[in-house]
Amino acid sequence: MPFLSLKFNLQKRVKLAQGLWMLYWLAVIVGIILFSLGIFFKIELRKRSEIMDNNESHLVPNLLILVGMLSCGLNAFGGKLCHDSLDPQKFSKMKPMLRPYMLLCCGFNALLLLLVLLCFLMQFAVYLTLAEGLKNAIRFYKDTDTPGRCFMKRTLDMTQIEFRCCGNNNFRDWFEVQWISNRYLDMSNDVVKDRVLSNVEGKYLMDSVPFSCCNPGSPRPCIQHHLTNNSAHYDYDHRTEELNIWNRGCRQAVFSYYSGIMNSIGALLIFTMAGDVAGLKYLSTALETMADPENPECESEGWLLEKGFKETLADLLSKVKTFGRANQVEEGGTSPNVTAT
Amino acid sequence: MAVLKVKFTKTRRDKLAQILWILNWISVVTGVILFSLGLFLKVELKKREELMAEKDIQYVPNMLIAVGLIACAINFLGGKICYDCVDSTKFLRWKLIMLPYIVCTFFFTLCVLVGALMCYSMHWELEEALDLGLMQAMRFYKDTDMPGRCFLKHTVDTLQIQFQCCGNSGYKDWFQIQWISNRYLDMSKKEVVDRLRSNVEGKYLMDGVPFSCCNINSPRPCIQQQITNNSAHFNYEHQTEDQNLWMKGCRQALLEYYTHIMQSIGLTVLITWLFELSVLTGVRYLQTSLENVLRQGDPDSESDGWLLENSLMETARIIKSLGKSNQINTANNGDPNIDVPSTSKAHYGPDNVPPKEKMETS
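Residues numbered from 1 in each chain as written. Chains lettered and ligands numbered in written order. Predicted model: local features only at pLDDT ≥ 70, side-chain atom pairs only at ≥ 80, totals over all residues. Heavy atoms only, no water.

> Explanation requested: the overall build of chain A in the structure shown.
Secondary structure summary: chain A contains eight helices and two strands in total. Counting from the amino terminus, helix and strand elements in chain A follow one another as β-α-α-α-α-α-α-α-β-α. Here the C-alpha atoms of chain A give a radius of gyration of 33 Å, more than 25% beyond the 20 Å that 2.2 N^0.38 yields for 341 residues. Referenced to the eigenvectors of the C-alpha coordinate spread, the extents of chain A come out at roughly 110 × 60 × 35 Å. When burial is assessed residue by residue, chain A has 43% of its 341 residues classed as buried. Look at the contacts in chain A between residues 6 or more apart in sequence, and 72% of them connect residues 24 or more apart. In chain A, 35 positive and 34 negative side-chain charges are present, and the distance between their average locations comes to 2 Å. (Helix = DSSP H or I, 4+ residues; strand = E, 2+ residues; numbered from the N terminus. Rg over C-alpha atoms; globule rule 2.2 N^0.38 Å. Buried < 20%, exposed > 50% of the residue type's maximum accessible area, 1.4 Å probe, protein only. Contact = heavy atoms within 4.5 Å. Lys, Arg positive; Asp, Glu negative; His and termini not counted. Charge placed at Lys NZ, Arg CZ, Asp CG, Glu CD.)

> Explain the overall build of chain B to me, please; I cannot follow it from the model alone.
Along its length, chain B carries eight helices and two strands. When the helices and strands of chain B are listed from N to C terminus, the series reads β-α-α-α-α-α-α-β-α-α. Residue burial in chain B is summarised as follows: out of 362 residues, 41% are buried. When contacts within chain B are restricted to residue pairs at least 6 apart in sequence, those whose partners lie at least 24 apart make up 72%. Carbon together with sulfur atoms contributes 61% to the accessible area of chain B, which is approximately 21,000 Å² in total. (Areas by Shrake-Rupley, 256 points an atom, 1.4 Å probe, with all protein chains shown as cover.)

> Help me out: how do you make sense of the UniProt feature "transmembrane region" (unreviewed entry) in chain B in this one?
The residues that UniProt annotates with the feature "transmembrane region" (unreviewed entry) are residues 20-39, 59-78 and 99-123 of chain B. With 100% helix and 0% strand, the stretch residues 99-123 of chain B has end C-alpha atoms that lie 38 Å from each other. (UniProt positions renumbered as here; feature names shortened; annotations may be inferred.)

> Quick question: what am I supposed to make of the UniProt feature "transmembrane region" (unreviewed entry) in chain A here?
All names here are of chain A. Following the UniProt record, one finds the feature "transmembrane region" (unreviewed entry) at residues 20-41, 62-81 and 101-130. Helix makes up 100% of residues 20-41 and strand 0%, and the two end C-alpha atoms of the span are 31 Å apart. Each end of residues 62-81 is marked by a C-alpha atom, and these two atoms are 29 Å apart; helix forms 100% of the span and strand 0%.

> Which parts of the structure should I look at to understand the domain arrangement of chain B?
A common way to state how big an interface is: give the accessible area lost once the parts meet. Per the domain assignment, the segments making up chain B are domain 1 (3-138 + 255-309) and domain 2 (171-247). Computed over C-alpha atoms, the centres of domain 1 of chain B and domain 2 of chain B are 54 Å apart. (Domains from an automatic or database assignment.)

> I'm lost on the state of the cysteines in this one. Help?
All names here are of chain B. Evaluated as defined, the whole model comprises six disulfides over all chains. The partner cysteine of C165 in its disulfide is C250, sulfur to sulfur 2.0 Å. Because the torsion about its S-S bond is 85°, the bridge between C165 and C250 counts as right-handed. With a gap of 85 residues between them, C165 in the loop between helix 4 (152-163) and helix 5 (190-197) and C250 in helix 6 (residues 250-296) connect regions that are remote in the sequence. Like C165, the residue C250 is buried in the burial classification. Between the sulfur atoms of C214 and its disulfide mate C222 the distance is 1.8 Å. (Disulfide = S-S within 2.5 Å.)

> For this particular structure, what's the right way to read the interface of chain A and chain B?
Each partner contributes residues to the interface: chain A has 25 residues there, and chain B has 25 residues. Across the chain A to chain B interface the summed buried area is about 2,300 Å²; carbon plus sulfur atoms make up 67%. Run the count over chain A and chain B and you get zero salt bridges. The interface formed by chain A and chain B contains six residue pairs in polar contact (both at pLDDT 80 or more). Partitioned by chemical class, the residues of the side of chain A that touches chain B number 13 nonpolar, five polar and seven charged. (Buried area = accessible area lost by both parts, 1.4 Å probe. Salt bridge = Lys/Arg side-chain N within 4 Å of Asp/Glu carboxyl O. Polar contact = N/O pair within 3.5 Å; in protein donor to acceptor, adjacent residues only side chain to side chain. Nonpolar A, V, L, I, M, F, W, Y, C, P; charged D, E, K, R; others polar.)

> What should I look at first to understand the packing of aromatic side chains in this one?
Think of a pair of aromatic rings as described by two things: how far the centres are apart, and how the planes are tilted against each other in angle. Scanning all chains against the criterion turns up 19 aromatic pairs over all chains. Here Y141 of chain B and W174 of chain B contribute two aromatic rings whose centre-to-centre distance is 5.1 Å and whose plane-to-plane angle is 70°, an arrangement assigned as edge-to-face. Separated by 33 residues along the polypeptide, Y141 of chain B in the loop between helix 3 (88-139) and helix 4 and W174 of chain B in the loop between helix 4 and helix 5 bring together distant segments of the chain. Each member of the pair Y141 of chain B and W174 of chain B is classed as buried. Pairing F163 of chain B with Y257 of chain B gives two aromatic rings, centres 5.2 Å apart and planes at 80°, and the pair type is edge-to-face. Placement of the pair is F163 of chain B in helix 4 and Y257 of chain B in helix 6, with a sequence separation of 94 residues. Under the relative-accessibility criterion, Y257 of chain B is labelled partly exposed at 27%. By the ring-pair criterion, three or more aromatic residues cluster together here, those being F41, F163, Y257 and Y258 of chain A. (Phe/Tyr/Trp six-rings, centres within 6.5 Å; stacked < 30°, edge-to-face > 60°.)

> Looking at this structure, I do not really get the nonpolar core. What am I missing?
The tendency in soluble globular proteins is for nonpolar side chains to be buried as a group. Core analysis: the largest hydrophobic core is formed by 156 residues, its most contacted members being W174, V209 and L269 of chain A together with L126, W174 and V209 of chain B. Sort the elements by how many residues they give to this core and helix 3 (residues 88-139) of chain A lands first, with 18 residues. With residues near it in sequence (within four places) discarded, W174 of chain A still touches I138, Y141, L156, Q160, C166, G167, W179, M206, S208, V209, P210 and C213 of chain A. (Core = buried A, V, L, I, M, F, W, Y, C linked by side-chain atoms within 4.5 Å.)

> How should the packing of helix 1 (residues 10-47) of chain B against helix 2 (residues 59-85) of chain B be read in this particular structure?
Packed helix pairs are specified by the crossing angle of their axes together with the interaxial distance, meaning the distance between the axes. Residues and elements named next belong to chain B. Running from N to C, helix 1 and helix 2 cross one another at 165°; their axes reach a closest spacing of 7 Å. With respect to their mutual orientation, helix 1 and helix 2 come out roughly antiparallel. Between helix 1 and helix 2 lies a crossing whose hand is left-handed. Looking at the contact of helix 1 with helix 2, its residues break down into 23 nonpolar, nine polar and one charged. (Axes fitted to C-alpha atoms, helices over the stretch in contact; angles between N-to-C directions. Parallel < 35°, antiparallel > 145°, perpendicular 65-115°, else oblique. Left-handed = near helix turned anticlockwise from the far one by under 90°.)

> Help me understand the pattern of salt bridges in this model?
Close approach of charged atoms allows side chains of opposite charge to pair. Residue and element names in this part refer to chain A. For the structure on display, the rule yields 25 salt bridges over all chains. The partner of R48 in a salt bridge is E162, with the nearest N and O atoms 2.8 Å apart. Linking R48 in the loop between helix 1 (10-47) and helix 2 (59-85) with E162 in helix 4 (residues 152-163), this pair joins segments that are 114 residues apart in sequence. Residue R48 is classed as buried on the basis of its relative accessible area of 5%. It is possible to trace a salt-bridge network through shared partners that takes in E44, K47, R48 and E162.

> Where do I start with the environment of G38 of chain B in this structure?
All names here are of chain B. Checked against the element boundaries, G38 lands in helix 1. Note on G38: relative accessible area 0%, which makes it buried. In sequence terms G38 and Y59 are 21 residues apart; their C-alpha atoms lie 10 Å from each other. With residues near it in sequence (within four places) discarded, G38 still touches P61, L64 and I65.

Next up, the structure:
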């Protein structure tokens, strides 16, 4: 009993072939979209690799680019198969390539599934890399004269302005690091000397943030310095003030951006794992079982599996077993040439 | 004497009709492009209308939108006409419309050219509008509690950050206005009161700028307050420091941005104009050659196509006489039945015989 068999006449076969052809070319377009998404994601990761310690994993975008190219190639070939399937001469030439092609498609779908899992799991890696990278970025903010870190200040300022965030977890991260370089501190000034001596590590710490933390939507001009000192500013209460500087931490802000990208890519991949393999199987079996190959208008039957689902599984298992056994040495046993007396 | 006469065989006519059909459809696409360019410009101008004074500069994108839509319609009709022109029986349907269509399209291409020139001329009006608008915006920067001006601060700040500029012509413009609202000034402090009293208008002026003027490329943390006071900051000299704040004025930055857009749009419109003109020339040739074919009677024969039947001077004269024949003849009180004696020399035949006969008699 064939599994899920359907009857096909000429019209139905032609319609199936045409429908499949369109589906395959749509899949080629989706493959191109996947390829460009992979490039876009790679560029976005590179743009901000400085706040991720140059340590970010490019596994997902690289795989995505590969998958996009493979998808284009496989689906274009599938489209060509469908286009040629209605011509009996061309179909007989294509027949031997059909089985390996369908196995390849199944393997490709497995790769897609793996990529979907990676998209959702790699977000943890991105989060951890961001946390570490931002911590170091804030520490090296002042080192604009150290080669390799000259542009850390610029990158971090741009990130805070673009993503509307301040600091790693929140703006208080800036209170714990010295973000003004010693080059710009007047060491002969008593106030400066006191502040430097007031902590163990000799850092110039203060309750201020850089200008990039300022919120342009605030009704009053930005208060950057003496943030926790209410009396330093007129009509200011730092506990209730929430429009002055950005409240969000940059780790949260940048992570939700990347997480959004990865979730959409994952969703698109799930959508791509379509069942064109099923359609192609129906078409090929319908063409093979034509009772009279010379008469194109005869009816034929198409199916997904030749035998039932359980029987096919049993067949597959026995094949795997015999494959294993053929490699074993036979223990003892009589040679088949000796006849029993 | 016809202007630029070209001979057309039947196959050449058919090919011309087909090519013109394709070109008309390409022109529909360019019409859509013009329409979307006009829409884009309108949106860009509207986005920053708070920073521009009340000058009427919306006429440029409106003109582009109108021109784009009319181009689509005209070229769609032209495509249909050219498609039908391959068959000479279908041409009879369009015969009467074709000449008015060509004249209308000719005037329309003039509109397209005017549109392109307007793109380049908008520059000066835009500069004035921006100058006045930015000055107003900076004056009302502090009025975040007044309805209608609540978001001006946000607009100006995001403008300075995005376009990397400060003030109208430069950062010193901020020294001449009070950009901190009185709500946030402690009037009980002596120094605040002194500063307010130090100028005629009672404004709190200082040599400081808002945070949005800060240059992100600066190696040192931003110096926003007491900019002209070298001793207020360690190792700082305001005359040589050019990386601390954005040096460009916002008027110049915005003007450069819009001029760049306008130049690209103007170039596209000029190219579209040339394309439309060439399509129009092709349609004119097609029309004249098909009319001549009809006049000759044989649909498969050769025919002439031209731009103008007579020379330019004669065509001008014909147009003038067409205009005159529509005027009322005031001498006869408008009655066409009264015989008006001709003032020109009458042609009676033998009296005007050439001198050859006279020579014979002599």
